[in-house]
Amino acid sequence: MENKEITHRKITTATRPTKPEEYRDHYYPKTEILGDDEMRITALGTGMPNLRPSQASAAWLVELGNGDTFFFDIGTGCIAGFASTMVSYNRANKVFLSHLHSDHCGDLPALWIGGWVANRATPVYVWGPSGSRPELGTAYFVEHLRKAYTWDIESRHAGGLLQPPSEIIVEEFDYSKTQVVYEENGVTVTAFPAIHILDGPVSFRLDWNGLSFVYSGDTHANRWYVENGQNADVAVHESFITVPQLMEKQGFPEAQAVKIGTEVHTSPEACGEVFAAINPRLAVAYHFFNDWDTAPDIRDALKSTYDGPLVLATDNMVFNVTKEYIKTRMMVAAEDIWPPESAQEAAERDEVMHFGGRGWNYDPDKMSEWLVEGQLHD
Ligand SMILES: [Zn+2]
Ligand SMILES: [Zn+2]
């Protein structure tokens, strides 16, 4: 079956694969129509808090056949990879945060402000956990992010960008309860506690159309993930590098390596135990530098406790999930990406929009007179 994906620059012939053998070997964004009953999961960030070109920090994009799109964590550096997916900022405006470490929330400003400039017509919506005190919760984090970007927001309003898309709306929920935190359009997202240094961190389960995506941010192996992850279609769980790798690669003394690698986080062996306890259709481990000299030991350790289907995730890995099959591939990630929607398209879709719409309102009078007089040209 063929269809047309239309953007403001080109029309691409897009296919809609319905069997594993109909997919290309690689995923080329904008060339495949997602089936009505299909889920596409893209690993945007699979690395560690110290950002590097090959791996951004934790971020997963989940696209559903009903048109819904969600971020699960939005760690530092992930929005560059998100651009390569060519998904519209108007669709990708909902973010679930597992906890408030920068490697899980650090690119929220890049989505929020970058998407606003790229013609997003809606606010960004964020769901995240409370903490043991108000200032350790997601609402506090977002409120102060907004304050920190006061100059940014005020200058862009003065520069002509409209108010509503600059909003970031937060819904903080009780981290200590297993509860549904989102239910709309046939999609249910359940949050449940995780164990990671302080009170607050959570993990998530998304259910839609008989398919499930279960996601841990950072956590020690815990019973809530096992309870909520049962028979998941795709179970994504953090696994750290091994203790010897922490000592060798990061120079940690042994006691610190054991603490970080097996208590603050989940060791590969413990990650395998979690997967064995939930029996997913596909188990996906992430949150380590996935290199030729680290991956074999991590895989061996995971396989020592789990012998089911397993992927060690790396950035730009794509999973197409249906009831019949799960297709795992790499995205061909173009780097010179422009925003997928033009100002004109945005203006046509929404009556009130940015440049070119009736909301255009550039206000140069916000500058001091002496700066205006310093212009070489009027
Ligand atoms: Zn963390
Ligand atoms: Zn982390």
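Just so it is clear, the model here is predicted, and its values are computed rather than measured. (Residues numbered from 1 in each chain as written. Chains lettered and ligands numbered in written order. Predicted model: local features only at pLDDT ≥ 70, side-chain atom pairs only at ≥ 80, totals over all residues.)

(A) Expanded view of the overall build of the protein. Along its length, the protein carries 12 helices and 17 strands. Overall size of the protein, expressed as C-alpha extent along the three principal axes, is 70 × 50 × 40 Å. Within the protein, the proportion of its 378 residues that are buried is 44%. A fraction of 64% describes how many contacts in the protein between residues 6 or more apart in sequence connect residues 24 or more apart. (Helix = DSSP H or I, 4+ residues; strand = E, 2+ residues; numbered from the N terminus. Buried ≥ 20, exposed ≤ 12 C-beta atoms within 10 Å, placed from the backbone. Contact = placed C-beta atoms within 7 Å.)

(B) Structural view of the pairing of strand E17 (residues 326–330). Strand direction decides the pairing type here: strand E16 (residues 317–321) and E17, joined by five bridges, are antiparallel. The residue bridging Val318 from the neighbouring strand is Arg329, located in E17. The antiparallel pairing of E16 with E17 creates a hairpin that spans four residues between the two strands. (Pairing = 2+ DSSP bridges.)

(C) Expanded view of the sheet that holds strand E10 (residues 187–193). Taken together, the seven strands give an open sheet; going across it, the order is E9-E10-E11-E12-E13-E14-E15, and neighbouring strands pair in mixed fashion. Pairing within the sheet leaves two strands with one partner each, and these edge strands are strand E9 (179–184) and strand E15 (310–312). Strand-to-strand twist in this sheet, taken as the mean axis angle between neighbours without regard to direction, amounts to 15°. As judged from the three bridges shared by strand E14 (residues 282–286) and E15, these two strands associate in the parallel manner. For Ala283, the partnering residue across the bridge sits in E15 and is Leu310. Against the sheet, helix H9 (residues 268–278) makes contact with strand E13 (234–238) and E14, and its axis sits at roughly 155° relative to E13, the strand it touches most. (Axes fitted to C-alpha atoms, helices over the stretch in contact; angles between N-to-C directions.)

(D) Structural view of the environment of Thr13. By secondary structure assignment, the location of Thr13 is in strand E2 (residues 11–15). With 316 residues separating them along the chain, Thr13 and Arg329 place their C-alpha atoms 20 Å apart.

(E) Representation of the sheet that holds strand E8 (residues 168–173). With respect to topology, eight strands assemble into an open sheet ordered E8-E7-E6-E5-E4-E3-E16-E17, the strand pairing being mixed. If you trace the sheet from one side to the other, it starts and ends with E8 and E17, each paired once. Strand-to-strand twist in this sheet, taken as the mean axis angle between neighbours without regard to direction, amounts to 20°. Against the sheet, helix H1 (residues 78–85) contacts strand E3 (39–45), strand E4 (59–64) and strand E5 (69–74), and its axis sits at roughly 145° relative to E3. Sitting on the sheet, helix H3 (residues 108–117) is in contact with E5, strand E6 (94–96), strand E7 (124–129) and E8, with an inclination near 165° to E7.

(F) Region of interest: the pairing of strand E11 (residues 202–208). Burial runs high along E11: six of the seven residues are buried. Pairing of E10 with E11, which is carried by seven bridges, proceeds in the antiparallel orientation. Counterpart to Ala191 in the pairing with E11 is Phe204. Looking at chain direction, E11 and strand E12 (residues 211–216) are connected through six bridges and run antiparallel. Considered in E12, the bridge of Asp207 is made with Ser212. Count of turn residues in the E11/E12 antiparallel hairpin: two residues, of which Asn209 carries a positive phi of about 55°.

(G) Highlighting the environment of Phe192. Checked against the element boundaries, Phe192 lands in strand E10. The buried category is assigned to Phe192, around which 23 C-beta atoms lie within 10 Å. Note: C-alpha distance between Phe192 and Asn90 (102 residues apart in sequence) is 28 Å. Setting aside residues no more than four positions away along its own chain, Phe192 makes contact with Thr178, Val202, Ser203, Trp224 and Asn228.

(H) Representation of H1. Burial analysis of H1 places six of its eight residues in the buried class, the great majority of the element. Residues Cys78, Ile79, Gly81, Phe82, Ala83 and Thr85 constitute the buried set of H1. Against E3, E4, E5 and H3 lie the buried residues of H1. With its phi angle positive at about 60°, Met86 sits one or two positions after the end of H1.

(I) Summary view of the environment of Ala313. Inspection of the secondary structure puts Ala313 in the loop between E15 and E16. The class of Ala313 is buried, set by 23 C-beta atoms lying within 10 Å. Expressed as a C-alpha distance, the spacing of Ala313 and Ile33, which sit 280 residues apart in the sequence, is 24 Å. Sequence-distant contacts of Ala313, defined by excluding residues within four places in its chain, comprise Ala43, Thr46, Val284, Ala285 and Tyr286.

(J) Examining helix H7 (residues 243–250) more closely. Turning to H7, its buried residues are Val243, Gln245 and Leu246. Taken around the axis of H7, the buried residues stretch over an arc of 160°, which confines them to a single face. Where H7 is buried, its residues touch helix H8 (254–264) and helix H10 (295–303). Gly251 occupies a position one or two residues after H7 and carries a positive phi of about 70°. (Arc of directions from axis to C-beta.)

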